[in-house]
Amino acid sequence: MKSSVTYISEEIPNAANNEEVASFLTEHWGSNNIVSCGKITNASILPRIIARDESGKLVGLATYAIDEVSKSCELVSIDSIFEGRGIGSRLLEQIEMAAKKRYCIKVWLITTNDNLKAAAFYVKHGYRLVDVHLDALDKSRELKPQIPKMGNNGIPLQDEWK
């Protein structure tokens, strides 16, 4: 039997969910802080989409940042505790809807050179690789030392893909 998932948009994060969101981010990212493009972002205080199962358990989370000047939306983090159930796809769809509502003309993200599953996921959803930041993870480790040198599938963690 397929379980039901509810998606909650929090353009202004609900303080009642902050501790749970922070814990979820720490579990998936090593801390609340996400590092990309040479900057550190506390994802726990960003606008977000929360996915909950029928029991109320947090099963997915996406955080984003709107830049009103460039009319763009950065997808800062996206995670689902289940693969292949459409939760990630629905979270991405919800982010795109939130960006459109705020008159953004593009949604963009950063992933790392070892994250081949993520790259395939984004390409499947119409995203394109537009830039490679060579050796960007060296600078990121200065901001967030928990970032390992070795990534998924034994691939050295070196570059950011935009």
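Before any of the text, the structure's been laid out above.
As a starting point, this report considers the structure included with it. These numbers come from a predicted model, not from an experiment.

1. Things to note about the pattern of salt bridges
Item 1. Scanning the model with the defined rule gives eight salt bridges in all.
Item 2. Salt-bridge contacts for Glu74 lead to Lys39; the nearest nitrogen and oxygen are separated by 3.1 Å. Of this pair, Glu74 sits in strand β6 (residues 72–80) while Lys39 sits in strand β3 (residues 39–42); the two residues are 35 residues apart in sequence, bridging distant segments of the chain.
Item 3. Note on Glu74: relative accessible area 8%, which makes it buried.
Item 4. Put simply, Glu93 and Arg90 hold a salt bridge, and the shortest N to O gap is 3.4 Å. Highlighted residues: Glu93 and Arg90, both in helix α2 (residues 87–101), separated by three residues, approximately one helical turn.

2. Quick notes on helix α1 (residues 18–29)
Item 1. With twelve residues, α1 ought to run about 16 Å at 1.5 Å a step, and its terminal C-alpha atoms sit 16 Å apart, in line with that.
Item 2. Of all the residues in α1, the buried ones are Val21, Ala22, Phe24 and Leu25. Projected onto a plane normal to the axis of α1, the buried residues spread over an arc of 160° and lie on a single side. Turned more than 90 degrees from where α1 packs its buried face, Glu19 and Glu27 sit exposed.
Item 3. Elements in contact with the buried residues of α1: β4 (48–53), β5 (58–67) and β6.
Item 4. A positive phi of about 85° marks Gly30, the residue just after α1.

3. A closer look at the nonpolar core
Item 1. In terms of nonpolar packing, the biggest core is built from 22 residues, with Cys73, Leu75, Ile78, Leu91, Leu92, Ile95 and Tyr122 touching the most fellow members.
Item 2. Sorting the residues of this core by element identifies β4, β5, β6, α2, β7 (106–109) and α3 (116–124) as the ones contributing at least two each.
Item 3. In terms of residue count, α2 provides more of this core than any other element does, six residues in total.
Item 4. With ten residues, the next largest nonpolar core counts Val21, Ile34, Ala43 and Val76 among its residues.

Cut-offs used in this document
- Residues numbered from 1 in each chain as written.
- Predicted model: local features only at pLDDT ≥ 70, side-chain atom pairs only at ≥ 80, totals over all residues.
- Heavy atoms only, no water.
- Salt bridge = Lys/Arg side-chain N within 4 Å of Asp/Glu carboxyl O.
- Helix = DSSP H or I, 4+ residues; strand = E, 2+ residues; numbered from the N terminus.
- Buried < 20%, exposed > 50% of the residue type's maximum accessible area, 1.4 Å probe, protein only.
- Expected span 1.5 Å × (residues − 1).
- Arc of directions from axis to C-beta.
- Contact = heavy atoms within 4.5 Å.
- Core = buried A, V, L, I, M, F, W, Y, C linked by side-chain atoms within 4.5 Å.

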